[in-house]
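# Analysis of the macromolecular model
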Amino acid sequence: MKIDTSLAPPSTYLGALGMPGMTAYFGLLDVGALKDGETVVVSGAAGAVGTIVGQIAKAKGCRVVGIAGGPEKCALLTDELGFDAAIDYRAEDVRKALRRQAPDGIDVYFDNGGGEILDAALTRLAMHARVVVCGAISQYNNDTPVKGPSNYLSLLVRRARMEGFVVFDYAKRYAEAAQDISAWIGAGRIRVKEHVVRGSVDDFPETLQMLFRGENVGKLVLELE
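Residues numbered from 1 in each chain as written. Predicted model: local features only at pLDDT ≥ 70, side-chain atom pairs only at ≥ 80, totals over all residues. Heavy atoms only, no water.

Moving on to the overall build of the protein. If you tally the helices and strands in the protein, you get eight helices and eight strands. Here the C-alpha atoms of the protein give a radius of gyration of 17 Å, agreeing with the 17 Å that 2.2 N^0.38 yields for 225 residues. Its C-alpha atoms give the protein principal-axis dimensions of roughly 50 × 40 × 35 Å. The 225 residues of the protein split such that 48% are buried. For the protein, the accessible area works out to roughly 11300 Å², and carbon and sulfur atoms hold 53% of it. Separation of charge centres in the protein, based on 25 positive and 28 negative side chains, amounts to 7 Å. (Helix = DSSP H or I, 4+ residues; strand = E, 2+ residues; numbered from the N terminus. Rg over C-alpha atoms; globule rule 2.2 N^0.38 Å. Buried < 20%, exposed > 50% of the residue type's maximum accessible area, 1.4 Å probe, protein only. Areas by Shrake-Rupley, 256 points an atom, 1.4 Å probe, with all protein chains shown as cover. Lys, Arg positive; Asp, Glu negative; His and termini not counted. Charge placed at Lys NZ, Arg CZ, Asp CG, Glu CD.)

Another aspect to go through is the nonpolar core. Core analysis: the largest hydrophobic core is formed by 41 residues, its most contacted members being L28, I56, L77 and F110. Looking at this core, the elements that each hand over two or more residues are α1 (19-31), β1 (39-43), α2 (48-59), β2 (63-68), α3 (71-80), β4 (106-111) and α7 (174-186). Contacts of F110, omitting those with residues within four sequence positions, involve T23, A24, G27, L28, V41, V42, S43, V49, V53, V132, C134 and F165. The next biggest cluster of nonpolar side chains, apart from the first, holds 21 residues, and it includes V41, I106, Y109 and L118. (Core = buried A, V, L, I, M, F, W, Y, C linked by side-chain atoms within 4.5 Å. Contact = heavy atoms within 4.5 Å.)

Strand order in the open sheet made by the six strands is β3-β2-β1-β4-β5-β6, with parallel pairing throughout. Two strands in the sheet have a free side with no partner beyond their single neighbour: β3 (85-88) and β6 (161-164). Direction aside, the axes of adjacent strands within the sheet are offset by 15° on average. In this structure, β2 lies alongside β3, joined through four bridges in parallel fashion. Paired with I67 across the two strands is I87, which belongs to β3. The strands touched by helix α5 (residues 115-122) are β1, β2, β4, β5 (125-133) and β6; relative to β4, the strand with the most contacts, the crossing angle is about 170°. (Pairing = 2+ DSSP bridges. Axes fitted to C-alpha atoms, helices over the stretch in contact; angles between N-to-C directions.)

Here we come to the side chain of N112. On the secondary structure map, N112 appears in the loop between β4 and α5. Here the side chain of N112 touches S43 through a polar contact of 2.8 Å, landing on its backbone oxygen. When near neighbours in sequence (up to four residues on either side) are disregarded, N112 contacts V42, S43, G44, V49, G50, C134, G135, A136 and I137. (Polar contact = N/O pair within 3.5 Å; in protein donor to acceptor, adjacent residues only side chain to side chain.)

Along any regular strand, the residues point their side chains to alternate faces of the sheet. Within β2, five of the six residues are buried, leaving the element largely enclosed by the surrounding structure. Once you follow β1 into α2 and on to β2, the crossover reads as right-handed. Chirality of the crossover, the property in question, places the unit of β2, α3 and β3 among those that are right-handed. (Right-handed = clockwise from strand over helix to strand, strands pointing away.)

A few words now on the packing of aromatic side chains. Using the criterion set out here, one finds three aromatic pairs in the structure. Ring geometry for Y25 and F26: centres 5.0 Å apart, planes at 80°, overall edge-to-face. Overall, the relative accessible area of 0% leaves F26 in the buried class. Judged by centre distance (6.4 Å) and plane angle (45°), the ring pair of Y25 and W184 falls under tilted. One end of the pair, Y25, is in helix α1; the other, W184, is in helix α7, with 159 residues separating them in the sequence. (Phe/Tyr/Trp six-rings, centres within 6.5 Å; stacked < 30°, edge-to-face > 60°.)

Moving on, we get to helix α4 (residues 94-101). Turning to α4, its buried residues are V94, A97, L98 and Q101. One face of α4 carries all of its buried residues, which in axial projection span an arc of 100°. With respect to the buried face of α4, the exposed residues turned more than 90 degrees away are K96 and R100. On its buried face, α4 is in contact with β1, β2, β3, β4 and α5. (Arc of directions from axis to C-beta.)

These figures capture arrangement, not role.
Okay, here's the thing in structure tokens:
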């Protein structure tokens, strides 16, 4: 895809204006069918997709709760990116925290983590909620069978739906998303977060492992020296 570096640096086309940004945009607005003023919860909120999901939701006038690992990431979400609240899954009981931060239930749950956090979110769904299945990073490196949601009956009780998607299905509409995202960036409603590692191609495997250790904030980029 040809990029215009006069509008944004190349790394931004790998993040907010690239696949993560497209994933956040279409996952939240199309699959999640977001409505202004709803309550949105996103897991993996300090990652490349999660940071954009939360900021788009805020631009749409929603209450946004992010789930992330560690006090530094949680502080980033609320203090810098404008999330209304953040839950540290490493230090808090996620289910109790969701009850406190989303007392009227979750209208859209954007799932990047899977596993126990997904299960906790399912117990807090509002009526006619939408669960967007984007990823399940907690399950990717399992050497045991993938753990599915045990609280799936909440979908029945709350008349909710859970839907997965692949961003490439929206390729013909990328320009539409890029136009909106770039406008939000220009207006200061989206702040781009990138974690740049400088090195060589040989550094790729170790850089990739940073994702699974939760060491990155925003889009993880390997910049070749």
